[in-house]
Amino acid sequence: GLPEVLDRIVIALTGFSGAVGEAMTRGHGWRFLDIGRRIERALQVSELLRHGLFRMAEDEGSRIELLLVAADSTMTYRSRYLTSLQANLTIDLLLIDDANPRGLAFQLQRLKEHVEKLPEVDTTARRSAESLRLTDAIAAVELADIKVLAQVEGGHRLGLGLLLDRVNEDLFQLSEHLTRDYLTHARRSRQ
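Residues numbered from 1 in each chain as written. Predicted model: local features only at pLDDT ≥ 70, side-chain atom pairs only at ≥ 80, totals over all residues. Heavy atoms only, no water.

Enquirer: Tell me what's going on with the packing of aromatic side chains, and back it up with residues and numbers.
Expert: One pass over the full model with this rule turns up 2 aromatic pairs. Geometry around Phe 106 places Arg 110 over its ring, the cationic atom sitting 4.3 Å from the centre. (Phe/Tyr/Trp six-rings, centres within 6.5 Å; stacked < 30°, edge-to-face > 60°. Lys NZ or Arg CZ within 6 Å of the ring centre and 35° of its normal.)

Enquirer: I'd like to hear about helix α3 (residues 60-70), residue by residue, with values.
Expert: Each α-helix turn comprises 3.6 residues. Residues three or four places apart therefore point the same way. Among all positions in α3, only Glu 60, Arg 63, Ile 64, Leu 67 and Leu 68 are buried. Buried positions in α3, seen along its axis, are confined to an arc of 135° and lie on one side of it. Across from the buried face of α3, at angles greater than 90 degrees, the exposed residues are Leu 66 and Val 69. Those residues of α3 hidden inside the fold are in contact with α2 (28-54), α4 (74-81) and α5 (87-96). (Buried < 20%, exposed > 50% of the residue type's maximum accessible area, 1.4 Å probe, protein only. Helix = DSSP H or I, 4+ residues; strand = E, 2+ residues; numbered from the N terminus. Arc of directions from axis to C-beta. Contact = heavy atoms within 4.5 Å.)

Enquirer: Summarise the pattern of salt bridges; cite the residues concerned and give the values.
Expert: Enumeration according to the criterion identifies 12 salt bridges in this entry. With a closest N to O distance of 2.6 Å, Arg 37 and Asp 34 form a salt bridge. One end of the pair, Arg 37, and the other, Asp 34, are both in helix α2, 3 residues apart, so they sit about a helical turn from each other. The salt bridge involving Asp 136 is made with Arg 166; its shortest N-O contact spans 2.7 Å. Placement of Asp 136 in helix α7 (residues 129-142) and of Arg 166 in helix α9 (residues 158-183) is noted, with a sequence separation of 30 residues between them. A relative accessible area of 26% means that Asp 136 is categorised as partly exposed. Residues joined in a network through salt bridges with shared partners are Asp 34, Arg 37 and Arg 38. (Salt bridge = Lys/Arg side-chain N within 4 Å of Asp/Glu carboxyl O.)

Written as structure tokens, this is what we have:
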């Protein structure tokens, strides 16, 4: 049945992930594979936060618990905060904490490290478009005020929504720049 098929898929993907992590040389191919993985994980965490915390709910504790399970961060939350489930602490852990390997800030930092090691495409620019997008996203997250992000107005956490929109836009732009500069084989027209 379907559960058995899904189990086989999960096992195959886990094996592939392990092989990539342990056996693949750390060249440009691996770097682009990890960049894609980090962008996807950052977008996933962003969407989890949006769907789990943007709208205030009566059953917020249950929502936070599900959010932490989906983000594979339940044990980290429990060991770090030793308290009841709170939106502000969840936002801190999943969005701002750059030491949490499942968090958005962690993904942004790893992306920045990768982008800095890519070969230069445009030697006239001081910083690449990719680097600028990541710098913007990292600064937005680092400068974010937890109180503003967790504040509820009209049933919504508007500050959280605005920050997630900004970071998502930077991530989508990063992906487009990387695709254009490194992965598109068509010749660019000279203007």
